[in-house]
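# Observations on the model geometry
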Amino acid sequence: MRSHRKPAAAGLGCLIALATTACSGQGEAARPAPSAPAPPSTSRPDGPGTSYAPYVSATDAAGTDTAGSPTTYNLAFVLAGGDGCTPRWDGTRDIGDPAVKSRIAKLKADGGQVRVSFGGASGKELAAACDSAPELAAAYGEALDAAGATRADFDVEGDELADSASVGVRSKAIALLQKERTGLEVSFTLPVMPHGMGKDSLALLHSANDNAVRVATVNLMTMNYGKSYDGDMGGYALAAAKAAHKQLRKVFGTSDAEAWRGMALTSMIGVNDVDGETFTLADAAEVRAFAEEKGIGWVSMWSAARDRQCPDGTATDRAATDCSGVRQSSGAFAREFAG
């Protein structure tokens, strides 16, 4: 997913929810699943139903952040600052920035939790900047401590998704981190097409499992499919979820219900980055109803800051960072996704 910076204009990992299922390395004999961590402490825990957890800027508040009363906020993004292995919010702000800490405290004030999202579509990812798994784990831990978070999201896309070296060091670092922080809940945010996840995403999940990473959720980015997809974005999201569900069942060896529960769906609201792709309020309602029917873990959107009509009040054909490009009331997408 895109940066919040404004332009000048399991073998596979064991899902926490699936911790009773044995995991096996590719080509290896099955081994017992690691013990599941204790659930993260939260004053408003995610219930058995589908939660709403939007992506929000870690640095800049938006009036629509709290619309829909999110259970969890995905803080976007932590990247490498400069050329070294230094975690920074959006790659520019110090990880201990008092203003960011204050913002996070306000997000938590209504009982919601935060999940730190590492990576995204732009900037330098820490896994590509750090020299070793221990160094990378320390960088991840520093960001989690700064946010007071027990949930970590790894948004891997673009060139980094196909980079086997960074995929490997990331898996090792997350495994180290989970040994140190037994309650750490991990999600991977990955691209998807209506026919399912690609080979690079599946290879990443294999790497996570080979390194005994406990994966709570696979979050599918139901967006930016390409020029051949220019119709029903809600229908494409459902098709992608169904195809990925079959893949998750296969790679995790789980039941139908367990595979749905270990899935999340994130849509880019309004006008997307790809010409012809517009995700409407009706699409959001369709995705929410489907998620509830299947028992999907959580739904999300890119992003809360875009959940309002553009200032001139007209629809647009270009994706903006701070409005949806469609006619809507402020927070309307959040209310649809929250159900």
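See the structure printed just above.
Residues numbered from 1 in each chain as written. Predicted model: local features only at pLDDT ≥ 70, side-chain atom pairs only at ≥ 80, totals over all residues. Heavy atoms only, no water.

## Quick notes on unusual backbone geometry
- Residues A76 and F77 are joined by a peptide bond in cis, for which omega reads -15°.
- Within the secondary structure, F77 sits in strand β6 (residues 72-80).
- In the segment running from W302 into S303, the intervening peptide bond is cis, with an omega of -10°.
- Take S303: it is sitting in the loop between β16 (298-302) and α9 (332-338). (Helix = DSSP H or I, 4+ residues; strand = E, 2+ residues; numbered from the N terminus.)

## Regarding helix α4 (residues 164-180)
- Relative to the 24 Å expected for 17 residues at 1.5 Å per residue, α4 spans 25 Å between its end C-alpha atoms, a close match to the ideal helical length.
- Three or more residues of α4 are buried, namely S166, V167, G168, V169, R170, S171, A173, I174, A175, L177 and Q178.
- The inward-facing, buried residues of α4 abut α2 (126-129), α3 (133-147), β10 (151-155), β11 (185-191), α5 (199-210) and β12 (214-222). (Expected span 1.5 Å × (residues − 1). Buried < 20%, exposed > 50% of the residue type's maximum accessible area, 1.4 Å probe, protein only. Contact = heavy atoms within 4.5 Å.)

## Quick notes on the state of the cysteines
- Taken as a whole and assessed by the stated rule, the structure comprises 2 disulfides.
- Put simply, C85 and C130 are joined by a disulfide, and their sulfur atoms are 1.8 Å apart. Torsion about the S-S bond of the C85 and C130 cystine: about 80°, corresponding to right-handed handedness. Pair noted here: C85 is in the loop between β6 and β7 (87-89) and C130 is in the loop between α2 and α3, with a separation of 45 residues, a long-range link.
- Residue classification places C85 among the buried positions, given a relative accessible area of 16%.
- Covalent S-S linkage joins C310 and C323, the inter-sulfur distance amounting to 2.1 Å. (Disulfide = S-S within 2.5 Å.)

## Observations regarding the pairing of β11
- For β11, a buried count of 6 out of 7 residues is recorded, marking the element as mostly surrounded by other parts of the structure.
- Two elements, β10 and β11, share 5 bridges in a ladder whose sense is parallel. Bridging from a neighbouring strand, F154 pairs with F188 of β11.
- The parallel pair β10 and β11 is bridged by α4, and the resulting crossover is right-handed.
- Strand direction decides the pairing type here: β11 and β12, joined by 6 bridges, are parallel. Bridging across to β12, T189 finds its partner in N219. (Pairing = 2+ DSSP bridges. Right-handed = clockwise from strand over helix to strand, strands pointing away.)

## Regarding the pattern of salt bridges
- Per the counting criterion, the structure on display carries 11 salt bridges.
- Between R93 and D97 there is a salt bridge, and its shortest N-O distance comes to 2.9 Å.
- Between E185 and R115 there is a salt bridge, with its nearest N and O atoms 3.4 Å apart. Placement of E185 in strand β11 and of R115 in strand β9 (residues 113-119) is noted, with a sequence separation of 70 residues between them.
- A relative accessible area of 14% means that E185 is categorised as buried.
- Under the relative-accessibility criterion, R115 is labelled buried at 1%.
- A cluster of three or more residues bridged by salt bridges with shared partners is formed by R115, R151 and E185. (Salt bridge = Lys/Arg side-chain N within 4 Å of Asp/Glu carboxyl O.)

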